[in-house]
Amino acid sequence: VFFNKNKTKRQIWLFGFYLFIALATLAKGILGFAIPGAIILVYLCISREWWLLLKVELLRGIGLFLTVASPWYVSMFTRHHPDFYQRFIVHDHLRRFSSGVHQTDNGSFEHFIKWLGYGLFPWAGFLPAALTRITFGKGTVRSDQARARLFLTIWFVFCFTFFTLSKTKFHHYIFPCVPAATMLIGLFLQDLLSKRVRNFTPIYLVAVSLFVLIGFDLFSEPQNLKNLFTYQYDRMWDTSMTAGFQSVLKVIFVVGLVGILLLAFAKPFCRVMALCVLLMSSSGLTVWALDVYMPNIAIDWSQGYLWSTYYDLCHPIEGPEEAPDWKPYCREPVIAYKLNWRGETFYTHNEVIPIEDDSDMEYFIRTNNDRSFFSIMQRGRVSSFRASLPEALRGGVEQVHTENLKFILVRVESEADRAERLGTDTEGDEPEASTTDVD
């Protein structure tokens, strides 16, 4: 009497939708709600199912959205207006779309096709066929599956068009298309197994061709996988890893090729086996990329190992009384010397001190009171860093983490700390600090 199970379940899903839209707005700005809203609006215009607005908890959903998303925006506008408006709205939204911001990649219609191919491999070859299977009814869409197809197709096409028109193009911008693309591919494969796909030969030839092109691109240049996670394509690459990566990617490619070739046989058993083999290929790529590929390149590409060295070498101290138990603190401060890559902020839990220019460096040295400290910098800046130090500190410069191909961690030991260490060290000569520059 008092509890409608189906209605309550629908409300939970809907409130979850509004909650995640609010979180997306906090994470990515206006697009967090603008893109889902635009997709839904286009769907309603095409399907003419405006009655759905009466069943989506619109008023309470908007209230939940504002409760979650508005406090941060209100506080930022109140405290930092108009700077926040200029930076967040004008620079990070309008200029990114209209004129481009720190652009590193160019292209038009074809630009994101390549990145979707890499990200959806080995299933990407089925996407063109999946996008052609929408159907329209008279005034409204007929079946639930057809309605889902229409909604997902609008989702994909709208996001693809929007980010293609944007002047700023980073490959990860196309990620909002991925959920829609994968669900469309899933619906197409379901139709294929149910023998609802007609004229399969041209579809099959397109799928095989795309599979071979994308697969060859992946194993011939393993850096393409890395480029899915960064827009700095020109970063140095450890070429000693290339051959091993290529061998694994070739095996994954061959397994997937066997699967897609099995689809040529119309018997249901062969097609089920084909999809199982393709699933083995995609699962193998996922597991290998997460457990082997990414951990291996992280040594050169992530700051994580560098900051582990910092916390291993520094002298731990108690944090402020209100500090959380999980947050580490060090006696020696750490600076980011003419560096702003966000990783240093993340791994130090916002404790790194930014040094943007020589005046910042002079102020830090003056206020640091001759204490030892650490510094992260790009490898080519070691010489200028040493030159910015007082004469008394230059002899205490030691490079303590050099494994990363882009960044380096330096420890600068003060004379007082050096004397203290020598007084507590075991007998023997003091090892000389490494002061060799890295070009």
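Figured I'd write up the structure that's included with this text. (Residues numbered from 1 in each chain as written. Predicted model: local features only at pLDDT ≥ 70, side-chain atom pairs only at ≥ 80, totals over all residues. Heavy atoms only, no water.)

**Re the packing of helix 9 (residues 200–220) against helix 11 (residues 242–262)**
Here is the rule: Here an angle of 0 to 180 degrees is reported between the N-to-C directions of two axes, which are lines fitted to C-alpha atoms, with helices fitted over the stretch in contact. The secondary structure listing takes helices from DSSP runs of H or I that are at least 4 residues long and strands from runs of E that are at least 2 residues long, numbered from the N terminus. Angle categories: roughly parallel below 35 degrees, roughly antiparallel above 145, roughly perpendicular from 65 to 115, and oblique for all the rest. Working rule for contacts: check all heavy atoms of both residues, and any pair within 4.5 Å makes them a contact. Charged means Asp, Glu, Lys or Arg here, nonpolar means Ala, Val, Leu, Ile, Met, Phe, Trp, Tyr, Cys or Pro, and polar covers whatever is left, Gly included.
Contact geometry for helix 9 and helix 11: axes closest at 9 Å, N-to-C directions at 175 degrees. The angle between helix 9 and helix 11 falls in the class roughly antiparallel. Residue-level contacts link Y204, A207, V208, F211, V212, G215, F216, L218, F219 and S220 of helix 9 to Q246, L249, K250, F253, G256, L257, I260 and L261 of helix 11. Counted by class, the contact of helix 9 with helix 11 contains 13 nonpolar, 4 polar and 1 charged residues.

**Quick look at the environment of E413**
What counts, and what does not: When accessible area is computed with a 1.4 Å probe and restricted to protein chains, residues below 20% of their type maximum are described as buried, those above 50% as exposed, and intermediate ones as partly exposed.
Examined against the element boundaries, E413 turns out to sit in the loop between strand 5 (407–412) and helix 18 (415–424). On the basis of relative accessible area, E413 is assigned to the buried category, the value being 15%. Leaving out residues up to four positions away in the same chain, E413 has contacts with S372, L393, G396, R418 and R421.

**Some points on unusual backbone geometry**
Here the bond from H81 into P82 is cis, since omega is 5 degrees, no more than 30 degrees from zero. Of note, P82 is situated in the loop between helix 3 (58–80) and helix 4 (83–98). The omega torsion of the bond from F121 to P122 falls at 5 degrees, within 30 degrees of zero and hence cis. Locating P122 in the fold gives a position in the loop between helix 5 (111–119) and helix 6 (127–131). Despite not being glycine, H349 has its phi angle at roughly 55 degrees, a positive value. Here H349 shows up in the loop between helix 14 (343–347) and strand 2 (353–355). For H349, a relative accessible area of 27% translates into the label partly exposed. Positive phi is not limited to glycine here, since N369 has a value of about 55 degrees. Take N369: it is sitting in the loop between helix 15 (358–367) and strand 3 (373–378).

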